[in-house]
Amino acid sequence: MTSVKHKLKILTLNCYLLPPNPLLDILPGVPASQNAKESTSRIDDICDNILVNNYDIVCLQEVWTELFKDLILSHLGSNYPFYTWFTSGYLPGSGQMILSKHEMLSSFFHPFLLEDKTFPFGSIDSICGKGTTVALVKYEENIVSVINTHPQSELLNDSKDALRLHQLWSLTELVNYCKQTSDLIVLCGDLNATPDFLGVKLIHQLCSTKDTFTMSNPFSKLQLDVTYAVPGNSLVELSYAKRLPSGARIDYILTAVGSNARRSTTIGNIACEQCNIQPWGPLGAKSRLPFSDHEAVEATLSWTNDPIPETGSGDASLSSGVVGDDLESNGCSSTPVHLAKQFFASARLNSTKMARRYLISLIWSAIVFVMRFCGANFVNENLGLLNFVAITACITFGCCFFQYHYYKCAFSAFNQAFFCLEKNYKCKLI
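Residues numbered from 1 in each chain as written. Predicted model: local features only at pLDDT ≥ 70, side-chain atom pairs only at ≥ 80, totals over all residues. Heavy atoms only, no water.

Right, let's talk about the overall build of the chain for a bit. Helix and strand counts for the chain come out as nine helices and 12 strands. Counting over 430 residues, the chain shows a buried share of 52%. For the chain, the proportion of contacts with a sequence separation of at least 24, taken over those separated by at least 6, is 77%. Surface summary for the chain: the accessible area is close to 19500 Å², and the carbon and sulfur share equals 59%. (Helix = DSSP H or I, 4+ residues; strand = E, 2+ residues; numbered from the N terminus. Buried < 20%, exposed > 50% of the residue type's maximum accessible area, 1.4 Å probe, protein only. Contact = heavy atoms within 4.5 Å. Areas by Shrake-Rupley, 256 points an atom, 1.4 Å probe, with all protein chains shown as cover.)

The next point concerns the state of the cysteines. Across all of its chains, the model carries zero disulfides by this definition. In this structure Cys188 is a free cysteine whose sulfur lies 3.9 Å from that of Cys59, the closest cysteine sulfur available. (Disulfide = S-S within 2.5 Å.)

Turning our attention to the environment of Ala248. Positionally, Ala248 belongs in the loop between α7 (238-243) and β10 (251-257). We classify Ala248 as buried; its relative accessible area is 7%. With 20 residues separating them along the chain, Ala248 and Tyr228 place their C-alpha atoms 5.4 Å apart.

Checked against the element boundaries, Val58 lands in strand β2 (residues 57-63). Each C-alpha atom of the pair Val58 and Ile10 lies 5.9 Å from the other, and the pair is 48 residues apart in sequence. Every residue in contact with Val58, bar those within four places of it in the chain, is listed here: Leu11, Ile50, Tyr80, Met97, Ile98 and Leu99.

For the structure shown, the criterion picks out six salt bridges. Here Lys69 makes a salt bridge to Glu66, at a shortest N to O gap of 3.7 Å. In this pair, Lys69 and Glu66 are both assigned in helix α2 (residues 66-76), three residues apart and thus about one turn of the helix distant. Lys69 gets classed as buried once you look at its relative accessible area, which sits at 8%. One salt bridge connects Asp211 with Arg249, and the closest N-O pair in it is separated by 2.9 Å. Within this pair, whereas Asp211 is found in strand β9 (residues 210-211), its partner Arg249 is found in the loop between α7 and β10, the two being separated by 38 residues in sequence. Each member of the pair, Asp211 together with Arg249, is buried. If you follow the salt bridges from partner to partner, you end up with Lys5, Lys7 and Glu273 in one network. (Salt bridge = Lys/Arg side-chain N within 4 Å of Asp/Glu carboxyl O.)

Structure (structure tokens):
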């Protein structure tokens, strides 16, 4: 059997298509009015460049509304007959869209188990209903799992790291699940994490993924390696532009070889022929604005389909890191798995403490409410003061109940992650 070479050209872009909201115009540091007014022309620029570059698969994030989804399809629908876009959260859509020139066999949306719902507003993620979109694409003789994701935002907020790490850990479970029925995994998206973040390292270790940017650009300092807050991008929030003067790389195209047991061939000699950041230049031709506050990332993967060797697993070409039983024999005290377990152990302890605090506050507000009414003299009492105390106690009770429930769920989620890592990997906490 002769080997056949295949090529797949992929794009990922966080489009920054916020739902129109005039209230955002008054917020300092958010150029939302410009964004909302120019969204249509920016969509024109984005779609024109997608058509010119003839990508096989396109993964978009922050396509929040059905209006934006329909605008994109009006430009690309004839060239990309297969797409997926799911509703989730309080916004009309999950923000994630996958377009493919090749047949999409199936698709689903997997919401994150744990999201930011801290009182009073948390972050914008509280209403987004974030998660991961998976599409199974038939590309020539291969089955490709295309995974598009967008975890917890607020890149520079350390208090969100626990949420972001849990979401990226859950992503590893999903990637390894998809590997069982796929020949190739393509993971795209705005991970809101730099390459040195623990969650990104965890993906590489547990899923044997490779970063197409480092595959194509081993000397990254010679190339543009910033995908967010590029100096001069007028759509970046001022707070991030000040705190990230040189920008950060948080958008990725990762790849891994699957283990499709139904095939007599396997993917071998996989390579990234090119991976470019900001491939279209800094400004769109029609809007004369940046395409987004993020930069587009494109990659071209190439591989051959080889017969499965009698003693091979077919995954050696992309194998990286140490997984499974090998952790214990390779000094696991500083591996991403061990560090993640320590992180989850600390997070579940903190969640327990916060849940206990809010439970105490909940009980105390209920006692104040009951005692105030039981001891009230409704004839001589100042009813205005009485109502104020009652309303305050009710609000406090409701907020404390909400937060108690949230931290109780957070404890459960962190506990689940900890025991899954403890069960599947021998490296123990000491």
